[in-house]
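Topology and contacts: notes
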Amino acid sequence: MKVILCENVPNLGEMGTTVKVAPGYARNFLLPRKLAVPAVSGSAKQIEHEMRNIKRREEKVRVQLAEEAKKLTAISIEIKAKGGEEGKIFGSVTNVQIAEALKALGYAVDRKSIYIDEPIRSLGPHDVSVKLMRGIEAKVTVVVVKDEEAAAAAEAPVETAPVAATPEAEAVEEEAAD
């Protein structure tokens, strides 16, 4: 079945392209979610009209995402991590942590669109790319700082409180002493 994609569909195609898919995939997934329209439905004029609408929507989205990319490039995210000596951190900073930090700042970015060139395993600034749309990419600066609270908690001595004895335990101790 031939369909015209109304939105970008991963592993299938870009918005506005005509693709051939299995009828069940089109009927059960693409058409109900308004991700595509049938290429054989109606006349050619209707399909051309759909294509113009799709292109118009894509251009609006592209302009909005370009503005958001400019804003993202200007910000710097601070992520706290448990750190050791010599500027190393325990574990690494992941794209999930970066997505949560962006969400806290008011940016809705999917974790799958955040690309980290190499694992972030040291303190200091790192550049991370965020791909918002094909051709629109923003570089976000992630500053990894040492979490002082976690470091202080790890270095502080752990005090253990004496365990209060229960009446049953006292009775057992008395019988054992006799």
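Calculation rules
- Residues numbered from 1 in each chain as written.
- Predicted model: local features only at pLDDT ≥ 70, side-chain atom pairs only at ≥ 80, totals over all residues.
- Heavy atoms only, no water.
- Helix = DSSP H or I, 4+ residues; strand = E, 2+ residues; numbered from the N terminus.
- Buried < 20%, exposed > 50% of the residue type's maximum accessible area, 1.4 Å probe, protein only.
- Contact = heavy atoms within 4.5 Å.
- Pairing = 2+ DSSP bridges.
- Axes fitted to C-alpha atoms, helices over the stretch in contact; angles between N-to-C directions.

**Notes on the side chain of S129**
In this fold, S129 is placed in strand β8 (residues 124–133). Residue classification places S129 among the buried positions, given a relative accessible area of 6%. Apart from residues lying up to four places away in sequence, S129 is in contact with S113, I114, Y115, E137, A138 and K139.

**Considerations on the environment of V37**
Here V37 lies in strand β3 (residues 36–38). Judged by its relative accessible area of 19%, V37 is buried. Separated by 11 residues in sequence, V37 and A26 place their C-alpha atoms 8.8 Å apart.

**Brief notes about unusual backbone geometry**
Positive phi values are uncommon outside glycine, yet N11 reaches one of about 65°. Examined against the element boundaries, N11 turns out to sit in the loop between β1 (2–5) and β2 (18–20). In the Ramachandran plot, K34 falls in the positive-phi region, its phi being about 55° despite a non-glycine side chain. Within the secondary structure, K34 is located in the loop between α1 (23–30) and β3.

**Looking at the sheet that holds β1**
One open sheet accounts for three strands, arranged β2-β1-β3; its pairing is antiparallel. Each edge of the open sheet is held by one strand with a lone partner, namely β2 and β3. The average angle at which neighbouring strand axes cross in this sheet is 35°, direction not considered. Relative to β3, β1 is paired through three bridges, and the arrangement is antiparallel. Bridging from a neighbouring strand, I4 pairs with V37 of β3.

Interpretation note: all reported values are geometric properties and have no functional meaning in isolation.
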